[in-house]
Amino acid sequence: MTRTAGAATVCRMLLWINGPFGGGKTQTAFEMRRRLPGSVVCDPEHIGFGLRRTLPPGLRTDFRDLAAWRQGVVEVLDLTLRGQGGVVLVPMTVTDAGHFEETVGRLRERGHDVRHFTLLAARETVLRRLRERGPGQLLAHAARTGPRENWAVRQLDHCLERLREPEFAEHLWTDHSTVPRTADRIAALAGLTLAPNAEGPLRTRLRQVRVGLRHIRFD
């Protein structure tokens, strides 16, 4: 789980959970944090939305295209890995090979043990999950309204196509998997052991709703 980079710096494991918007990345990351003592969730979207707010509205494009975002992600995650004692969980969609190399690749170059997983599902499954995310119930209508359709829906086909490529392995199909089972699969592949999942379905659903509400974006 640990790796030495340089003479005395211990670098710990980072699990990068990739996938389309609405694919279950954040829910899976928080499920793992709940059951993996000492782990933390670091969400690179916070860096991106901070950069967006700094720019005037006319310049607010996809923050992943900003070199400042990619560099900032590496610096923040590098600092976290060197300064914190447990596994670092990173839920973030990255579909561009260059951006992937400038984030995941550079963290590996710095000696960190970065495990990358991509959550995939059929288009209909992802759309259903987006509709179930609070304000996301409007997406069914948005997907039919051309220029006004939701950004996540507009990105969906591109994400699903790109993320199937071998460079974004390891791929985990989640159409028939619950969030706790997906977390178990990632942990097993990474050589980690999660605490048993003792929650019932109702309590799990309520907790997932809370996680979803905390991560609604209005930018």
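Keep in mind that what you see is a predicted model, and the values were worked out from it rather than measured. (Residues numbered from 1 in each chain as written. Predicted model: local features only at pLDDT ≥ 70, side-chain atom pairs only at ≥ 80, totals over all residues. Heavy atoms only, no water.)

## Side note on the pairing of strand S5 (residues 88-91)
Then, in step 1: By the alternation rule, side chains of S5 split into Val88 and Val90 and Leu89 and Pro91, which are all buried.
Then, in step 2: Pairing analysis gives 4 bridges linking strand S3 (residues 13-18) to S5, with the strands arranged parallel. Bridging across to S5, Trp16 finds its partner in Val90.
Then, in step 3: Sheet topology note: the strand S4 (residues 40-41)/S5 ladder contains 2 bridges and is parallel. Along S5, the bridge assignment pairs Val41 with Leu89. (Buried < 20%, exposed > 50% of the residue type's maximum accessible area, 1.4 Å probe, protein only. Helix = DSSP H or I, 4+ residues; strand = E, 2+ residues; numbered from the N terminus. Pairing = 2+ DSSP bridges.)

## With respect to the nonpolar core
Then, in step 1: The biggest cluster of nonpolar side chains holds 31 residues, and the ones touching the most others in it are Leu14, Trp16, Leu77, Val88, Val90, Met92 and Leu107.
Then, in step 2: Sorting the residues of this core by element identifies S3, helix H3 (67-83), S5, helix H4 (97-109), strand S6 (113-120), helix H5 (123-131) and helix H7 (151-163) as the ones contributing at least two each.
Then, in step 3: Among the elements that take part in this core, H7 stands out by supplying 6 residues, more than any other.
Then, in step 4: Among the nonpolar cores identified, the runner-up in size contains 17 residues, and Ala29, Val87, Leu172 and Ala183 belong to it. (Core = buried A, V, L, I, M, F, W, Y, C linked by side-chain atoms within 4.5 Å.)

## Quick word on the pattern of salt bridges
Oppositely charged side chains are able to pair whenever their charged atoms sit close together.
Then, in step 1: Taken as a whole and assessed by the stated rule, the structure comprises 12 salt bridges.
Then, in step 2: In this structure, Glu199 engages Arg34 in a salt bridge whose closest nitrogen and oxygen atoms are separated by 3.7 Å. With Glu199 in the loop between helix H8 (179-190) and helix H9 (201-214) and Arg34 in helix H1 (residues 25-35), this residue pair connects regions lying 165 residues apart in the sequence.
Then, in step 3: We classify Arg34 as partly exposed; its relative accessible area is 33%.
Then, in step 4: Between Asp184 and Arg35 there is a salt bridge, and its shortest N-O distance comes to 2.7 Å. Taken together, the residues span a long stretch of sequence, with Asp184 in helix H8 and Arg35 in helix H1 at a distance of 149 residues.
Then, in step 5: With relative accessibility at 34%, the residue Asp184 sits in the partly exposed group.
Then, in step 6: Connected through shared salt-bridge partners, Glu31, Arg34, Arg35, Asp184 and Glu199 make up one network. (Salt bridge = Lys/Arg side-chain N within 4 Å of Asp/Glu carboxyl O.)

## So, the confidence of the model for the protein chain
Then, in step 1: Considering every residue of the protein chain, the mean pLDDT works out to 86; 84% of them sit at 70 or more.
Then, in step 2: Contacts for the low-pLDDT stretch residues 1-11, under 50 throughout, to residues beyond four places or in other chains number 27 contacts. (pLDDT = per-residue confidence, 0-100. Contact = heavy atoms within 4.5 Å.)

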